[in-house]
Amino acid sequence: VTILAIESSCDETSAAVCADGKILSNFIASQAVHEQYGGVVPELASRAHMQNIVPVVDKALKEAGKQLSDLDAIAFTQAPGLIGSLLVGAQFAKSLSLALNKPLIAVHHMQAHVLANLIDDPKPSFPFLCLTVSGGHTQIVQCDSPHQLRIIGETIDDAAGEAFDKSAKLLGLPYPGGPLIDKYAKTGKPDRFKFPEPQIPGLDFSFSGLKTAILYFLQENTKTNPNFVEENLADICASIQHRIISILMNKLKKATIETGIKDVCIAGGVSANSGLRTALKETGDKMKWNTFIPAFQYCTDNAGMIAITAYYKFLAGEYTPLTASPSAKAEW
Ligand code: ATP
Ligand code: FE
Ligand code: MG
């Protein structure tokens, strides 16, 4: 079974080819145009997808050594995401499906982030838990099979990626600041500054209080020392990162205790964070979990994760009619 998958939910245009559950290619074109605006500009993203989609699909097919005539199905990200961006990928996939007379498979972007853990060996066994931490979402998902995914906890305000990016912005770092906080945190003391951990019931998360606490903390300290941030950047970054990670790991621990599940994964762009990766490993060793993290190229937005999800849908005969349309928000 050979599947071409397209991902265009935000600011990455990506195409991947998968054959019998193996990813043969995963090509990602990132859009540099947004950097100067400090965030993704939806209209510019749609236009860049329009320019990128044909060459990106060509590259993915070439790298996989496949031709259009080899394809058994065409998959695309249906939701959630920026509607203009999603429309480009959806229309392209539908047109190709119609032209080749091959089935169309719509994929939920957040389910795909979770199932990215099924791409490479070793793979988690079912049921497993996945902490999905990305730019727009923070969720703990219980995955009983490739077709049965359930959110058992999620953020009630900001996502973990937003917490990183908004904190970075307060420190005067460019967008997206998450990777920069990670970089500076490496040489800082995580226990130098104490930021509050919110008390949220159940398995849900909250990050907006942290952002406010950081804002007041910086205002207070720059009053007496205008160079406070520059002089303490590493320690501030390490302390912020430490708190975000403790919020995430404490809920993840709670989820494994409540469910009794020992196979534990992370997914999404923030799973690139070196502190979170170490924390998962260390907590996992202590709690006797089997831990899994997708390869870096499958953590941030990519079509490989769409392809693997579509592969399981194909096996179950879950095809999508040509009348399907993308949507910015999506139920599970
Ligand atoms: P969603 O999937 O929720 O729609 P998204 O796909 O845009 O959102 P991703 O691309 O998965 O999100 O992740 C982007 C986020 O990951 C950004 O907030 C970015 O700052 C964060 N991020 C990436 N690398 C790191 C890192 N090393 N440390 C912390 N955060 C990071
Ligand atoms: Fe994503
Ligand atoms: Mg992104």
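Please read all numbers here as calculations on a predicted model, not as lab measurements.

(A) Just the overall build of the chain, in detail. What the chain contains, in helices and strands, is nine helices and 10 strands. Compactness check: the chain gives a C-alpha radius of gyration of 20 Å against a globular reference of 20 Å for 332 residues, within 12% of the reference. Projected onto the principal axes, the alpha-carbon positions of the chain cover approximately 70 × 45 × 30 Å. Of all 332 residues assigned to the chain, the portion counted as buried reaches 47%.

(B) Focus on the sheet that holds strand 6 (residues 128-133). The sheet built from five strands is open, its strands ordered 8-7-6-9-10 with mixed pairing. At either end of the open sheet lies a strand with only one pairing partner, and these are strand 8 (148-154) and strand 10 (290-292). Each strand of the sheet is rotated relative to its neighbour by a mean of 25°, with strand direction disregarded. Of the pairings in the sheet, the one linking strand 7 (residues 138-145) to strand 8 comprises six bridges and is antiparallel in character.

(C) Quick look at helix 4 (residues 160-170). In terms of residue burial, helix 4 counts as a mostly covered element, since nine of its 11 residues are buried. Ala 160, Gly 161, Glu 162, Ala 163, Phe 164, Asp 165, Lys 166, Ser 167 and Ala 168 are the residues of helix 4 that are buried. Check the buried side of helix 4 and you find it contacts strand 6, strand 7, helix 5 (178-185), helix 6 (208-224) and helix 7 (228-259). Gly 172, located one to two residues past helix 4, shows a positive phi value of around 80°.

(D) Looking closely at the environment of Gly 269. Among the secondary structure elements, Gly 269 is positioned in the loop between strand 9 (263-267) and helix 8 (274-287). Residues Gly 269 and Cys 143 lie 126 residues apart in sequence; the distance between their C-alpha atoms is 19 Å. In contact with Gly 269, not counting residues within four places along its chain, are Ser 134, Gly 135, Gly 161, Cys 299 and Thr 300.

(E) The UniProt feature "binding site: Fe cation" (unreviewed entry) in the chain, seen in detail. Those residues carrying the UniProt feature "binding site: Fe cation" (unreviewed entry) are His 109, His 113 and Asp 301 in this numbering. A compact arrangement is adopted by the annotated residues: their sequence extent is 193 residues, whereas the largest C-alpha distance between any two is 8.8 Å. Structurally, His 109 is set in helix 3 (residues 109-115). Filtering out sequence-adjacent residues up to four positions away, His 109 remains in contact with Ser 9, Thr 77, Ala 79, Pro 80 and Gly 81. Mapping His 113 onto the fold places it in helix 3. Residues contacting His 113, with those up to four places away along its chain left out, are Thr 132, Ser 134, Ala 267, Gly 268 and Met 305.

Thresholds, definitions, all that
- Residues numbered from 1 in each chain as written.
- Chains lettered and ligands numbered in written order.
- Predicted model: local features only at pLDDT ≥ 70, side-chain atom pairs only at ≥ 80, totals over all residues.
- Helix = DSSP H or I, 4+ residues; strand = E, 2+ residues; numbered from the N terminus.
- Rg over C-alpha atoms; globule rule 2.2 N^0.38 Å.
- Buried ≥ 20, exposed ≤ 12 C-beta atoms within 10 Å, placed from the backbone.
- Pairing = 2+ DSSP bridges.
- Axes fitted to C-alpha atoms, helices over the stretch in contact; angles between N-to-C directions.
- Contact = placed C-beta atoms within 7 Å.
- UniProt positions renumbered as here; feature names shortened; annotations may be inferred.

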